[in-house]
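# Examination of the molecular architecture
Residues per chain, in single letters:
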Amino acid sequence: MPPMTPSVDIADRVDPAAIRAKLAGQRGPRFWRSLEELADSEGFRAWLRAEHPRLAEAVSLDRRDFLKLLGASLALAGLAGCSHPPRTQIVPYVHKPIGQVDGLPRYFATTLTRNGYAHGVLVRDNQGRPTKVEGNPQHPASLGSTDIFAQAAILQLWDPDRSQSVMHGNSVTTWDDFAAALTERVTHLHIHGGEGLRLLVAPTTSPTLIAQLAAFEKQFPNARWHVDDPSGMAGRRQVARCHFDLAKTIVSLDADFLSDPAAGVRYARDFTATRSPERGDAMSRLYVIEPTPSVTGSMADHRLPLASRDIEVFATRLAAQLGSDTASDTNGAHARWIDAVAKDLAAHRGASLVIAGGIQPDSVHALARAMNEALGNVGRTVEYAPSLLATPSNGDFSL
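Let us look at the structure shown here.

So, how was this worked out
Residues numbered from 1 in each chain as written. Predicted model: local features only at pLDDT ≥ 70, side-chain atom pairs only at ≥ 80, totals over all residues. Heavy atoms only, no water. Helix = DSSP H or I, 4+ residues; strand = E, 2+ residues; numbered from the N terminus. Buried < 20%, exposed > 50% of the residue type's maximum accessible area, 1.4 Å probe, protein only. Contact = heavy atoms within 4.5 Å. Areas by Shrake-Rupley, 256 points an atom, 1.4 Å probe, with all protein chains shown as cover. Patch = residues over 30% accessible without salt bridge, like charges linked within 9 Å, V, L, I, M, F, W, Y side chains within 5 Å. Salt bridge = Lys/Arg side-chain N within 4 Å of Asp/Glu carboxyl O. Pairing = 2+ DSSP bridges. Core = buried A, V, L, I, M, F, W, Y, C linked by side-chain atoms within 4.5 Å. Axes fitted to C-alpha atoms, helices over the stretch in contact; angles between N-to-C directions. Expected span 1.5 Å × (residues − 1). Arc of directions from axis to C-beta.

### A look at the overall build of the protein
For the protein, the helix and strand inventory stands at 13 helices and 13 strands. A buried classification covers 29% of the 399 residues belonging to the protein. A separation threshold of at least 6 residues defines the contact pool for the protein, and within that pool the share at least 24 residues apart is 59%. In the structure as shown, the protein presents an accessible area of about 25900 Å², 57% of it carried by carbon and sulfur atoms.

Shown next as structure tokens:
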């Protein structure tokens, strides 16, 4: 009987004191790919060899050997997966679609909506099946680019779990049944002005749907319609339109503008255009103050983790430092951060930008606008315009 490998106590595989000593000499942000990289000690490797010997051998491989092993595995998996499709009879079209050439894809210009905002895209169609989504170069919101949401939109057509029919409670029904039930209630609704009728819609900027909602309110004055918008962005009357390609100093107050549902694709193009060394001038500088990591925060030159409830205090002190009409104590927390950001903003008047996140309260947005006005940014790097999102006349946004 072969001798047993001595077991290693799991508690000994990681030494917290050694980890703290390892981190004590570090300066600035540092990221790890895994906990094993942080706790790479002989105790951990001994435990790994005792408990998972096969995994220990894989971990001991260097990068080149690992890639060789991975490539060989994929090649063998590809060979094993090769098979001929079942023999079926090909049936020709009875009426072939106009303009279709067999074997060649077709492209259609359309729009995809996210949080009510439309993005112009080009959809590739193969034999009547949409297979790829790309940005429309002629659409100002994308300029030929897309984001992960547009790329994944094609999967909605092949989702077996999506609703396949109209539902009444837990029962499957049809649109004809819905129309019949609605017709039966129309007389009662007209008599009482729509009392008891509720309509729930997603955020929308569609002029056609907005006109239909206005007609709905006129025909049923006692009915109510609501916008399903947990973020509360649909309730704002004013929105900021930013020109990141003209900004040299950018301050984000919990604003993930690179993933903005309205213009994230365009903002990403404009922002990255100012970060290219090939332009010849100085690159823009980005300060991000946010409670949780975001795409924009990962691109920041300087990032300050701050609780969401404390961002308003930070914005108030920053506005006071810039000389706006907001009075505040500038000797509180993060005074060095506020002083450095204020100096950088003041050095780029008319070429800076302060933007507040959608989930922040109206007071933070008001502070951001006050700072942009004090810096002379309005009309240059930022513009303020009425929101295009549909708004219920009674002010109800979500149930």
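Let's pick the thread back up.
### Some points on a nonpolar patch on the surface
There is a patch of nonpolar side chains on the surface, built from Leu155, Leu157 and Trp158 and spanning about 350 Å² of accessible area. Considering the arrangement of structural elements, one finds Trp158 in the loop between helix H6 (148–152) and strand S4 (166–168).

### Looking at the pairing of strand S12 (residues 352–356)
Counting buried positions along S12 yields five of five residues, so the element is predominantly enclosed. The two faces of S12 match: Ser352, Val354 and Ala356 on one face and Leu353 and Ile355 on the other face are all buried. Bridging between strand S9 (residues 249–253) and S12 involves five bridges; their strand directions are parallel. The residue bridging Val251 from the neighbouring strand is Val354, located in S12.

### Looking at unusual backbone geometry
For Asn115, which is not a glycine, the phi torsion comes out positive at approximately 55 degrees. With respect to the helices and strands, the residue Asn115 is situated in the loop between strand S1 (106–114) and strand S2 (117–126). The phi torsion at Asp254 lies on the positive side, around 60 degrees, for a residue other than glycine. Inspection of the secondary structure puts Asp254 in the loop between S9 and helix H9 (264–273).

### Brief notes about the nonpolar core
One finds Val251, Leu253, Ile289, Phe314, Leu318, Leu345 and Met371 to be the most contacted residues of the largest nonpolar core, which totals 23 residues. Taken together, the elements giving at least two residues each to this core come down to S9, strand S10 (285–290), helix H11 (311–321), helix H12 (335–346), S12 and helix H13 (362–374). By residue number, the principal contributor to this core is H11, which donates five residues. Contact partners of Phe314, with chain neighbours within four places excluded, come to Leu253, Ile289, Leu304, Leu306, His334, Trp337 and Ile338. Residues Phe244, Phe257, Phe271 and Val382 belong to the second largest nonpolar core, which totals 16 residues.

### Here we look at the sheet that holds strand S3 (residues 129–135)
A sheet is described by the order of its strands in space; here three strands give the open sequence S1-S2-S3, paired in antiparallel fashion. Of all strands in the sheet, those bounded by a partner on one side alone are S1 and S3. Strand-to-strand twist of the sheet, defined as the mean angle between neighbouring strand axes without regard to direction, takes the value 40 degrees. Pairing between S1 and S2: nine bridges, direction antiparallel. The residue of S2 that forms the bridge with Tyr107 is Arg124.

### Quick notes on H13
With 13 residues, H13 should reach 18 Å at 1.5 Å per residue; the first-to-last C-alpha distance of 18 Å fits that figure. By the burial criterion, the buried members of H13 are Val364, Leu367, Ala368, Met371 and Asn372. Viewed along the axis of H13, the buried residues span an arc of 135 degrees, placing them on a single side of the element. Packing partners of the buried residues in H13 comprise S9, H11, S12 and strand S13 (382–386).

Such coordinate-based values are descriptive only and should not be taken to indicate function.
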